Amino acid sequence: MSSGPERLYPARDATLGGLLQRGPDTFFVEEILPFRPSGVGEHVFLQIEKAGLNTEEVVRRIARHAKVQPRDIGYAGLKDRHARTRQFFTVSLPGKTEPDWSALEDRELRILQCSRHDRKLRRGVHLGNRFRLSLMVQHGSREDWEAALSQLGQRGFPNYFGAQRFGHGNLAAAARLLAGTGRRPQRGQVGLLWSTARSALFNAVLAERVRDGSWQHLLPGERVQLEGSHSHFVASPEGADWPSLEARLCAWDLHPSGPLAGAGTDGPVGDAARAEQAALAAWVGPPEFAENGLVWADRLAGQGLRAARRALRCRTQDSSWQWRDATKLEIEFFLPAGSFATVCLEALGVQTQG
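Basis of the calculations
Residues numbered from 1 in each chain as written. Predicted model: local features only at pLDDT ≥ 70, side-chain atom pairs only at ≥ 80, totals over all residues. Heavy atoms only, no water. Helix = DSSP H or I, 4+ residues; strand = E, 2+ residues; numbered from the N terminus. Polar contact = N/O pair within 3.5 Å; in protein donor to acceptor, adjacent residues only side chain to side chain. Contact = heavy atoms within 4.5 Å. Expected span 1.5 Å × (residues − 1). Core = buried A, V, L, I, M, F, W, Y, C linked by side-chain atoms within 4.5 Å. Buried < 20%, exposed > 50% of the residue type's maximum accessible area, 1.4 Å probe, protein only. Salt bridge = Lys/Arg side-chain N within 4 Å of Asp/Glu carboxyl O. Pairing = 2+ DSSP bridges. Axes fitted to C-alpha atoms, helices over the stretch in contact; angles between N-to-C directions. Phe/Tyr/Trp six-rings, centres within 6.5 Å; stacked < 30°, edge-to-face > 60°. Disulfide = S-S within 2.5 Å.

Draft legend 1. Looking closely at unusual backbone geometry. Even without a glycine there, the phi angle at Lys-67 is positive, about 60°. Within the secondary structure, Lys-67 is located in the loop between helix 1 (55-66) and strand 4 (73-75). Positive phi outside glycine occurs at Asp-318, with the angle close to 50°. In this structure, Asp-318 sits in strand 14 (residues 317-323).

Draft legend 2. Seen up close, the side chain of Glu-291. Its place among the elements puts Glu-291 in the loop between helix 6 (270-282) and helix 7 (293-301). One polar contact links Glu-291 to Arg-299, side chain to side chain, over a distance of 2.9 Å. Apart from residues no more than four positions distant in its own chain, Glu-291 is found in contact with Ala-179, Trp-283, Val-284, Gly-285, Trp-296 and Arg-299.

Draft legend 3. Helix 4 (residues 187-211), seen in detail. For helix 4, spanning 25 residues, the distance from its first C-alpha to its last is 37 Å, which sits close to the expected 36 Å at 1.5 Å a residue. Where helix 4 terminates, the next one or two residues include Gly-213, which has phi positive at roughly 80°.

Draft legend 4. Looking closely at the nonpolar core. In this structure, Leu-133 and Trp-145 are the most contacted members of the largest nonpolar core, which totals 39 residues. Among residues more than four places away in sequence, those in contact with Trp-145 are Leu-16, Gly-17, Gly-18, Leu-135, Val-137, His-139, Gly-140, Trp-323, Leu-329, Leu-348 and Val-350. If you look at the next biggest cluster of nonpolar residues, it comprises 24 residues, including Phe-166, Leu-171, Leu-280 and Leu-305.

Draft legend 5. Highlighting the pattern of salt bridges. Inspection of every chain in the model, using the stated rule, returns 20 salt bridges. Residue Lys-79 is joined to Glu-31 by a salt bridge in which the shortest nitrogen-to-oxygen separation is 2.9 Å. In this pair, Lys-79 sits in the loop between strand 4 and strand 5 (84-92) while Glu-31 sits in strand 2 (residues 27-32), placing the two residues 48 residues apart along the sequence. Note on Glu-31: relative accessible area 1%, which makes it buried. Note that Asp-266 is salt-bridged to Arg-306, the shortest N-O span being 3.7 Å. Here the residue Asp-266 occupies a position in the loop between strand 11 (254-260) and helix 6, and Arg-306 occupies one in the loop between helix 7 and strand 12 (308-311), the gap between them amounting to 40 residues. For Asp-266, a relative accessible area of 32% corresponds to the partly exposed category. What makes Arg-306 exposed here is its relative accessible area of 57%. Here the residues in one salt-bridge network are Glu-49, Arg-84, Arg-86 and Arg-110, joined through shared partners.

Draft legend 6. Up close: the sheet that holds strand 10 (residues 232-235). Reading across from one edge, 10-9-11-12 is the order of the 4 strands in this open sheet, with antiparallel pairing throughout. Because the sheet does not close on itself, it has two edges, and the strands there are strand 10 and strand 12. For this sheet the average axis-to-axis angle between neighbouring strands, irrespective of direction, equals 50°. Sheet topology places strand 9 (residues 222-226) next to strand 10; 4 bridges connect them, and they run antiparallel. Residue pairing across strands places Glu-222 opposite Ala-235, the latter belonging to strand 10.

Draft legend 7. Seen up close, the packing of aromatic side chains. In total, this model carries 8 aromatic pairs according to the counting rule given. Ring centres of Phe-27 and Phe-131 lie 6.2 Å apart, and the angle between their planes is 85°; on these two criteria the pair is classed as edge-to-face. Residue Phe-27 is located in strand 2, and its partner Phe-131 is located in strand 7 (residues 128-139); the two are separated by 104 residues in the primary sequence. For the pair Phe-27 and Phe-131, one class covers both residues: buried. A ring pair is formed by Phe-131 and Phe-333, whose centres lie 5.6 Å apart and whose planes are at 35°; its orientation type is tilted.

Draft legend 8. Spatial organisation of the environment of Ala-83. Note that Ala-83 resides in the loop between strand 4 and strand 5. Sequence separation of Ala-83 and Val-58 is 25 residues, and the distance between their C-alpha atoms is 14 Å.

Draft legend 9. Structural detail: the state of the cysteines. Enumeration according to the criterion identifies 0 disulfides in this entry. Not part of a disulfide, Cys-250 finds its nearest cysteine sulfur in Cys-314, a span of 17 Å. According to the relative accessible area criterion, Cys-250 is exposed, its value standing at 65%.

Draft legend 10. Spatial organisation of helix 1. An ideal rise of 1.5 Å per residue puts 16 Å on 12 residues; helix 1 measures up with 16 Å between its terminal C-alpha atoms. Taken residue by residue, helix 1 has Thr-55, Glu-57, Val-58, Val-59, Arg-61, Ile-62, Ala-63 and Ala-66 as its buried positions. In this structure, the buried side of helix 1 is in contact with strand 3 (43-51), strand 4, strand 5 and strand 6 (109-117). For helix 1, the capping residue at the N-terminal end is Asn-54, with a side-chain oxygen 3.2 Å from the backbone nitrogen of Glu-56. A positive backbone phi angle near 60° is found at Lys-67, which sits one or two residues after helix 1.

Next up, the structure:
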């Protein structure tokens, strides 16, 4: 599996080391929505627990069972098969008989909740995910581990896209698609490859900000993103509100941001823009397509994608942990939508397998 550009992390306790073997007994994810189902409407609202299935496979199962098209099924976020996960789906059934949902259940899938809702679930509407992970501790004392876990909630970690975003060969396939070589993938795969390419460029910019130590600071001309929002604006050191912006940064009310490449002019300016452009110019794609990130960004802008921003940092919330024995540590925490638990663990020196 290609994990895309190198993910660099700030200096960490080198005595720590651990392993997470992803699987239904060690990796649990629960999706958190900001609302409850309305109880009425033409959509069936399901909460499903699954293991050994990814979200697309569940969608296909629901579609076959309910005799609808996959496009009639809504969901907020993607969950992979290497975990036990709980997530929500809506099924559009206007004027149709509702099937027996219990017949959909097997050892891989359970229906936890069934209600009605007045609209289709859309991607990205969830607040985030709560994780429960069982780690095998290989190095480090209990005191050092607990101090490091506390710091994840206080100082945060770089908000990279995780290795699973890049899949098996997705980055090379994205390079071929951007270069216009080879057979064009199926329609459903194109969006995935654009997402892979954008993730690679974001990670390259963030890695350079980690390298120069600025990922937790505002550069002049920074495009700052509000906590819990997609809203962003340019921060100018000449403005009277610069001190208050730095105070809000320390309070985790806003964040430095990096690019999700596409068409549009909503980027940084000044020093921040120059730093971002230099990072993109320095990163080069897979060896067979030795084109730099500026070329990729320009080509992505021509694909009808709208430029967006992503916070450079993240932190755990509502964390807790429990030692099961001398080498087994169970941790729980919440992360906002789009952030990766595996990246959080990498910042601690934990390797993930599976």
